[in-house]
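These are the residues of each chain, in order.
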Amino acid sequence: MTATYQAIHQARRPEGRPTAADFEFVSGPIPELPPLGILVQNLALSVDPYMREAMHWGGWEKGFGLEGRALGRVLASKDPEITEGTVVFHRHSWATHAVLTKDDLRILPVTDGVPLTAFLGILGGTGLTAYVGLKRIAKLQPGEDLFISAAGGGVGTAAARIARVMGAGRLIGSTGSPAKAKHLIEHVGFDAAIDYRAATPLADQLSAAAPDGIDVYFDNVGGTHLEAAISVLRHHGRIAWCGAVSQYDDLENPPAAPANLYDVVGNALRLEGFLVRDHLDAREEFEDFLIPHIASGAVPVDETVVHGFGRTVEAFISMLGGGNVGKMVVTLEDEG
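Residues numbered from 1 in each chain as written. Predicted model: local features only at pLDDT ≥ 70, side-chain atom pairs only at ≥ 80, totals over all residues. Heavy atoms only, no water.

Participant: I'd like a rundown of the pairing of strand β11 (residues 192–195), residues and numbers included.
Facilitator: Across four bridges, the pairing between strand β10 (residues 171–175) and β11 is parallel. If you follow Thr175 over to β11, its bridge partner there is Asp195. The parallel pair β10 and β11 is bridged by helix α4 (residues 178–188), and the resulting crossover is right-handed. (Pairing = 2+ DSSP bridges. Helix = DSSP H or I, 4+ residues; strand = E, 2+ residues; numbered from the N terminus. Right-handed = clockwise from strand over helix to strand, strands pointing away.)

What follows is the structure, given as structure tokens:
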């Protein structure tokens, strides 16, 4: 058993885009397990856009490191119901180890053809967010046309994969480079992809990609993306809003509301924000729906994997800058 842990703490509140100097690596002895305590060696960690918002507000600490989704293997257990070697999901992330109780973890199902890291991405909170937004919030129907912002990220690619299984019509995505736009069309299954950094205004690109309008907008970005989507939504269109990455680096100075916000009234649109933590009761339904499609190979697992605990901060900063396609995951297989 490893006698020490390594962890990452937030060293200061960032100004704008986070840098490596905003974090610090620490280490310490792993304490003796309390009654019913469980020692887990982490195998994979998640880095997610919401963590940038957590850096602004503080209170992100959890366990040895920082709050976040993680997968690990039980090294030692004083709880008779949790045996050594069990693979678990928990939220004591950004560390090589975690000391937990049974209430802190979930034993993961093992299914042939489903990689473990999928439970941090399309089968984890990332995919559940996409499913809830499409199924419960937007109530996407077969044949309906959908626009997804931040389409190259974890939630964006998951939303596209899930929408296809649900029978969506035309899929349009936005991303930050021509190469990623090409990838979305050729490998993820989008019908059209917009480079929002191109010289042509986003709204004009979206109008050209959706000349007949769209039924649903899945919003990960806010700002000008939301305004552009409102301009092409059909009567009784729906917006499922789960993120605003356009403003995370400057939360105290948010962008102005969309100039066309009143079109929500004129076109009888419905805009609903949601947090996946309010819909955890959908997890079993979601897994029953999606796991067979992943196991069969019909739904690929879109992810960018960075190897090594020491590269966690690097992976986080890269993810915020769009350096990933699919879910960004840090693996620690050879550590501990």
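Participant: Run through the environment of Thr19, naming residues and quoting values.
Facilitator: Along the chain, Thr19 turns up in the loop between β1 (4–10) and β2 (23–29). On the basis of relative accessibility, which here comes to 36%, the residue Thr19 falls in the partly exposed class. In the structure, Thr19 is positioned 89 residues away from Leu108 in sequence and 33 Å away in space, judged by C-alpha atoms. In this view, Thr19 contacts Arg12 and Ile317; residues no more than four positions away in its chain are not counted. (Buried < 20%, exposed > 50% of the residue type's maximum accessible area, 1.4 Å probe, protein only. Contact = heavy atoms within 4.5 Å.)

Participant: For the nonpolar core, give the residues involved together with the corresponding values.
Facilitator: Core analysis: the biggest nonpolar cluster contains 45 residues, and Leu123 and Leu134 have the highest contact counts within it. Those elements that place two or more of their residues in this core are α2 (125–137), β9 (146–148), α3 (154–165), α4, β12 (214–219) and α8 (283–295). In this structure, Ile8, Trp60, Val306 and Phe316 belong to the second largest nonpolar core, which totals 21 residues. (Core = buried A, V, L, I, M, F, W, Y, C linked by side-chain atoms within 4.5 Å.)

Participant: So what's going on with the packing of aromatic side chains? Which residues, and what values?
Facilitator: In this structure the tally under the stated criterion is twelve aromatic pairs. Judged by centre distance (5.5 Å) and plane angle (25 degrees), the ring pair of Phe23 and Trp94 falls under stacked. Of this pair, Phe23 sits in strand β2 while Trp94 sits in the loop between β6 (87–93) and β7 (97–100), and the two are 71 residues apart along the sequence. Neither residue differs from the other here; Phe23 and Trp94 are each classed as buried. Here the aromatic cluster, defined as three or more aromatic residues joined through ring pairs, consists of Phe23, Trp60, Trp94 and Phe316. (Phe/Tyr/Trp six-rings, centres within 6.5 Å; stacked < 30°, edge-to-face > 60°.)

Participant: I'd love a proper account of the sheet that holds β10, names of residues and values included.
Facilitator: With respect to topology, six strands assemble into an open sheet ordered β11-β10-β9-β12-β13-β14, the strand pairing being parallel. Taken across any chain shown, the strands that pair with only one partner, and hence form the sheet edges, are β11 and β14 (270–273). Each neighbouring strand pair of the sheet contributes to a mean axis angle of 15 degrees, computed without reference to strand direction. Where β12 and strand β13 (residues 233–241) come together, five bridges link them in parallel fashion. When the sheet's bridge partners are listed, Tyr217 is paired in β13 with Ile239. Relative to β12, α2 is tilted by about 145 degrees, and along the sheet it contacts β9, β12, β13 and β14. Lying over the sheet, α3 contacts β9, β10 and β12, oriented at roughly 160 degrees with respect to β9. (Axes fitted to C-alpha atoms, helices over the stretch in contact; angles between N-to-C directions.)

Participant: Break down the pattern of salt bridges for me, with residues and values.
Facilitator: Taken as a whole and assessed by the stated rule, the structure comprises 14 salt bridges. Of the charged contacts in the structure, one is a salt bridge between Arg12 and Asp22, with a shortest N-O distance of 2.6 Å. Of this pair, Arg12 sits in the loop between β1 and β2 while Asp22 sits in the loop between β1 and β2, placing them ten residues apart in sequence. Among the residues examined, Asp22 registers a relative accessible area of 3% and is labelled buried. For Arg106, the salt bridge is made with Glu287, and the minimal N-O distance between the two is 2.8 Å. In this pair, Arg106 sits in strand β8 (residues 106–107) while Glu287 sits in helix α8, placing the two residues 181 residues apart along the sequence. Residues participating in the shared-partner salt-bridge network are Asp48, Arg69 and Lys327. (Salt bridge = Lys/Arg side-chain N within 4 Å of Asp/Glu carboxyl O.)

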